[in-house]
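Coordinate analysis (summary)
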Amino acid sequence: LVFTEEDKYNRYSSLLFKYFLAEGVVCGHDLFVASAKEHPEKILKELPAPLLDDTCRNELGEAATSVKSEDFQDSMKIAWRYQNLPKMEASPTTSTKFGHYYDVSKTMSPELFQSVKWHSFYLHEESSSQSKMKSCNMNSAYARLLHSIQKIIYQEGFDGSDPQKKQKNILRIGIQSLGSVLWGEDICSSDTPEDIHSLTKFLYVLRGLLRKSLSACIITVPAHLIQNKAIMERVTNLSDTVVGLESFIGSERETNPLYKDYHGLVHVRQIPRLNSLICDISDTKDLAFRLKRKLFTIE
């Protein structure tokens, strides 16, 4: 369960959300997209186009040239008698490329979608077609969403208790702006909401579904609107990975010369601690992102 705290104007978190779904399309995974804001079909039409290896090399050319110049400086320091000896391989010679790169200036071609199965949940359509559901004191929109996810997991063969024989596939679930007022939630509108446990109950049940099925989920939440910090702490504890995006738009940092090359900061609040008591803590805490003409990069 990947939990993303949206930036104030939801400009960059929607990009991360689309990257996650686009990676699913390229890998041939099934998709399930849920939203109360924009239609899932519209979200899928706006997924970034994958970059081919050659294009990717050109895009990342700047990084490669800077590395080459460092190599050259290093070779100047090495004594001449060692210079022509083969370099030791620090890591195995397998490909270190993980995942794919995407061009945010172009949208994915419809041909790529044809081989991928996708399912959608658009709250406004669901609420009109289904009778109101209210279970375990949970917000009715969340109850309907859980029911829909559960149905897809069992019907499409992602249930972990019944192993897949023919297809080896994963269900990628994307839920947009969960916890916002659009989902019928009141945790954003007041300090003391009527039902403060609705979101945490939903995540608890969802995580149980994810644990026993072949699925992964990304959720974006407008955390800057949630005044009650206790709710955010509970939500963090119920997620595996928690990442917050802080945009510089409209803040003092926008004009700070230290951040002139970047558009915002990435805060890693929590990383998975599967099968261990404490999680591995990264040495690098300072992460920033920038949106180039084609690439969204985190450095």
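Treat the numbers as computed from the prediction; the structure is a model and nothing was measured. (Residues numbered from 1 in each chain as written. Predicted model: local features only at pLDDT ≥ 70, side-chain atom pairs only at ≥ 80, totals over all residues. Heavy atoms only, no water.)

1. Concerning the overall build of the chain
Per the secondary structure count, the chain includes 10 helices and 11 strands. Of the roughly 17900 Å² of accessible surface on the chain, a fraction of 54% belongs to carbon and sulfur atoms. (Helix = DSSP H or I, 4+ residues; strand = E, 2+ residues; numbered from the N terminus. Areas by Shrake-Rupley, 256 points an atom, 1.4 Å probe, with all protein chains shown as cover.)

2. Side note on the packing of helix H9 (residues 198-211) against helix H10 (residues 229-237)
Any two packed helices are characterised by how steeply their axes cross, that is the angle between the axes, and by the distance between the axes. As a packed pair, H9 and H10 sit with axes 10 Å apart at the nearest point and diverge in direction by 0 degrees. Overall, the two elements H9 and H10 adopt an arrangement that is roughly parallel. Every residue of H10 that contacts H9 at Leu199, Thr200, Leu203 and Arg207 is listed here: Arg234, Val235 and Asn237. Counted by class, the contact of H9 with H10 contains 3 nonpolar, 2 polar and 2 charged residues. (Axes fitted to C-alpha atoms, helices over the stretch in contact; angles between N-to-C directions. Parallel < 35°, antiparallel > 145°, perpendicular 65-115°, else oblique. Contact = heavy atoms within 4.5 Å. Nonpolar A, V, L, I, M, F, W, Y, C, P; charged D, E, K, R; others polar.)

3. Section: the packing of aromatic side chains
Evaluated as defined, the whole model comprises 9 aromatic pairs. Look at tyrosine 142 and tryptophan 183: their rings are 6.4 Å apart centre to centre, the planes differ by 45 degrees, and that puts the pair in the tilted class. Of the two residues, tyrosine 142 is situated in helix H8 (residues 140-155) and tryptophan 183 in the loop between strand S6 (171-175) and H9; the sequence distance between them amounts to 41 residues. For tryptophan 183, a relative accessible area of 1% translates into the label buried. Feature note: the residues Tyr12, Tyr19, Tyr102, Phe289 and Phe296 constitute an aromatic cluster, connected by ring pairs. (Phe/Tyr/Trp six-rings, centres within 6.5 Å; stacked < 30°, edge-to-face > 60°. Buried < 20%, exposed > 50% of the residue type's maximum accessible area, 1.4 Å probe, protein only.)

4. Focus: the packing of H8 against H9
Running from amino to carboxyl end, H8 crosses H9 at an angle of 5 degrees, the nearest separation of the two axes being 10 Å. Of the possible angle classes, the one that applies to H8 and H9 is roughly parallel. Contacts between H8 and H9 involve Tyr142, Leu145, Leu146, Ile149, Gln150, Ile153 and Tyr154 from the first element and Ser198, Leu199, Phe202, Val205, Leu206 and Leu209 from the second. Looking at side-chain class alone, the contact of H8 with H9 contains 11 nonpolar, 2 polar and no charged residues.

5. Digging into helix H1 (residues 13-27)
Taking 1.5 Å per residue as the helical rise, H1 with its 15 residues ought to reach 21 Å, and the 22 Å between its terminal C-alpha atoms agrees with that figure. Burial runs high along H1: 13 of the 15 residues are buried. One or two residues past the end of H1 sits glycine 28, with phi positive at roughly 80 degrees. (Expected span 1.5 Å × (residues − 1).)

6. Considerations on H8
Taking 1.5 Å as the rise per residue, H8 with 16 residues should run 22 Å; its terminal C-alpha atoms sit 22 Å apart, in good agreement. Within the span of H8, buried status applies to Ser140, Ala141, Tyr142, Ala143, Arg144, Leu145, Leu146, Ser148, Ile149, Ile152 and Ile153. The N-capping residue of H8, defined by a side-chain oxygen 2.8 Å from the backbone nitrogen of alanine 141, is asparagine 139. Phi for glycine 157, located one or two positions after H8, is positive at around 80 degrees. (Polar contact = N/O pair within 3.5 Å; in protein donor to acceptor, adjacent residues only side chain to side chain.)

7. Things to note about the layout of surface pockets
By volume, the second largest pocket is sized at about 260 Å³. Taken together, 16 residues line the second largest pocket, and the ones lying closest to its centre are Lys8, His224, Leu245, Glu246 and Ser247. Elements with a contribution of two residues or more to the lining of the second largest pocket: strand S8 (241-247) and strand S9 (264-270). Residue contributions to the lining of the second largest pocket peak at 4 residues, all from S8. The residue inventory of the lining of the second largest pocket, partitioned by class, reads 4 nonpolar, 6 polar and 6 charged. (1 Å grid on protein atoms, 1.4 Å probe; cavity = no way out; pocket = protein on both sides within 12 Å on 5 of 7 lines; lining within 4 Å. Points joined across faces, edges and corners; volume = space filled by probe spheres on them.)

8. A few points about the pattern of salt bridges
Scanning all chains against the criterion turns up 9 salt bridges. As a salt-bridge pair, glutamate 246 and arginine 253 come within 2.7 Å of each other at their nearest N and O atoms. The class for glutamate 246 is partly exposed, based on a relative accessible area of 26%. Three or more residues are tied together by salt bridges with common partners; here these are Lys18, Glu38, Lys42 and Glu46. (Salt bridge = Lys/Arg side-chain N within 4 Å of Asp/Glu carboxyl O.)

9. Quick look at unusual backbone geometry
The residue asparagine 10 is not glycine, and still its phi comes out positive at about 50 degrees. With respect to the element layout, asparagine 10 can be found in the loop between strand S1 (2-5) and H1. Phi is positive for serine 177, close to 50 degrees, though the residue is something other than glycine. Here serine 177 lies in the loop between S6 and H9.

10. Looking at the nonpolar core
In this structure, Leu145, Ile175, Leu178, Trp183, Phe202, Leu206 and Ile219 are the most contacted members of the largest nonpolar core, which totals 39 residues. Here this core gets 7 residues from one element, more than from any other, and that element is H8. Discounting chain neighbours no more than four positions away, the residues touching isoleucine 219 are Leu1, Val2, Phe3, Thr4, Ile175, Leu178, Leu203 and Leu206. (Core = buried A, V, L, I, M, F, W, Y, C linked by side-chain atoms within 4.5 Å.)

Shape is all these values report; function is a separate question.
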